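# Descriptive analysis of the structure
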Amino acid sequence: DTSQMTGVLKYQLPSLGAGDAVTAVTFNLNLTGTSGSPADVNVVFFLPGDVPVVFDDIATTNGAVTVGVVPATSSLGPVPIQTAALLAAIQNAYTNNGPTTLIGIRLQEPAPISGVTQTGESDFYGGYGVTDGPTLTLTTAAVPEPASLGLLGGVALLGLRRRRK
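Rules behind the numbers
- Residues numbered from 1 in each chain as written.
- Predicted model: local features only at pLDDT ≥ 70, side-chain atom pairs only at ≥ 80, totals over all residues.
- Heavy atoms only, no water.
- Helix = DSSP H or I, 4+ residues; strand = E, 2+ residues; numbered from the N terminus.
- Buried < 20%, exposed > 50% of the residue type's maximum accessible area, 1.4 Å probe, protein only.
- Contact = heavy atoms within 4.5 Å.
- Areas by Shrake-Rupley, 256 points an atom, 1.4 Å probe, with all protein chains shown as cover.
- Pairing = 2+ DSSP bridges.
- Phe/Tyr/Trp six-rings, centres within 6.5 Å; stacked < 30°, edge-to-face > 60°.
- Lys NZ or Arg CZ within 6 Å of the ring centre and 35° of its normal.
- Axes fitted to C-alpha atoms, helices over the stretch in contact; angles between N-to-C directions.

Our next topic: the overall build of the protein chain. For the protein chain, the count of helices and strands is two helices and eight strands. Reading the protein chain from its N terminus to its C terminus gives the helix and strand order β-β-β-β-β-α-β-β-β-α. Looking at the protein chain as a whole, 29% of its 165 residues are labelled buried. In the protein chain, once contacts between residues fewer than 6 apart in sequence are set aside, the share between residues at least 24 apart is 84%. For the protein chain, the computed accessible surface area is about 9900 Å², with 58% contributed by carbon and sulfur atoms.

Spelled out as structure tokens, the structure:
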């Protein structure tokens, strides 16, 4: 087979509380099977233009960046993707597009190579209403305001000056 297998997931990012920022992101997959000699699967983040999954999501380059890889040698079961690239992509989506932004994650085998036949595939479990399907987990924390950081720094400096006397 010389075709390129691709799967697309879309998520609506939640609103964040005032002063909150995303500090960690984990995309969890459940690898349920492999056959033959599967290839690594790239995890590609992108910004889709609409809610339903459409054919154009397979090739869109709007904000597209590879944020992780599921190695062909992965064991069956949970496969967490928690990379700096994924965190940066989510943070940029909030910064540049605002809360409740629609994001996409594409699972994509490498492009077929002319004259090379791929002899395997990786299978991931998912779908609506499944409990062990793909999940996107965001961790948030309050980010201090710049003015309060200056105030804290001033108090610490004052404390250091008093100790020297």
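Turning to the pairing of strand β6 (residues 102-108), a few remarks are in order. In the case of a regular strand, side chains alternate between the two sheet surfaces. Burial of β6 is extensive: seven of the seven residues sit out of reach of the surface. Neither face of β6 is exposed, since L102, G104, R106 and Q108 on one face and I103, I105 and L107 on the opposite face are all buried. In terms of strand pairing, strand β1 (residues 6-12) meets β6 through seven bridges, oriented antiparallel. Within β6, the residue paired with T6 across the bridge is Q108. In the sheet, strand β3 (residues 41-46) pairs with β6 via five bridges, with the strands oriented antiparallel. Looking across to β6, one finds that N42 is bridged to Q108.

Counting across every chain of the model gives one aromatic pair. Between the aromatic rings of Y11 and F27, the centroid separation amounts to 6.3 Å while the plane-to-plane angle is 85 degrees, which identifies the pairing as edge-to-face. Taken together, the positions of Y11 in strand β1 and F27 in strand β2 (residues 20-35) put the pair 16 residues apart, joining distant regions of the chain. Since its relative accessible area comes to 0%, F27 is described here as buried. When the ring centre of F46 is taken as reference, the NZ or CZ atom of R106 above it lies at 5.1 Å.

Our focus in this paragraph is the sheet that holds β6. Here four strands make up an open sheet; going across it, the order is β1-β6-β3-β4 and the pairing antiparallel. Of all the strands in the sheet, just β1 and β4 (65-70) have a single pairing partner and so form its edges. On average, adjacent strands in this sheet sit at an angle of 20 degrees to one another, irrespective of strand direction. Across five bridges, the pairing between β3 and β4 is antiparallel. What sits directly across from V41, in β4, is V70.

By secondary structure assignment, the location of I105 is in strand β6. Between the C-alpha atom of I105 and that of V43, which follows or precedes it by 62 residues, the distance is 6.7 Å. With sequence-adjacent residues up to four places away left out, I105 is seen in contact with G7, V8, L9, Y11, F27, V43, V44, F46 and L136.

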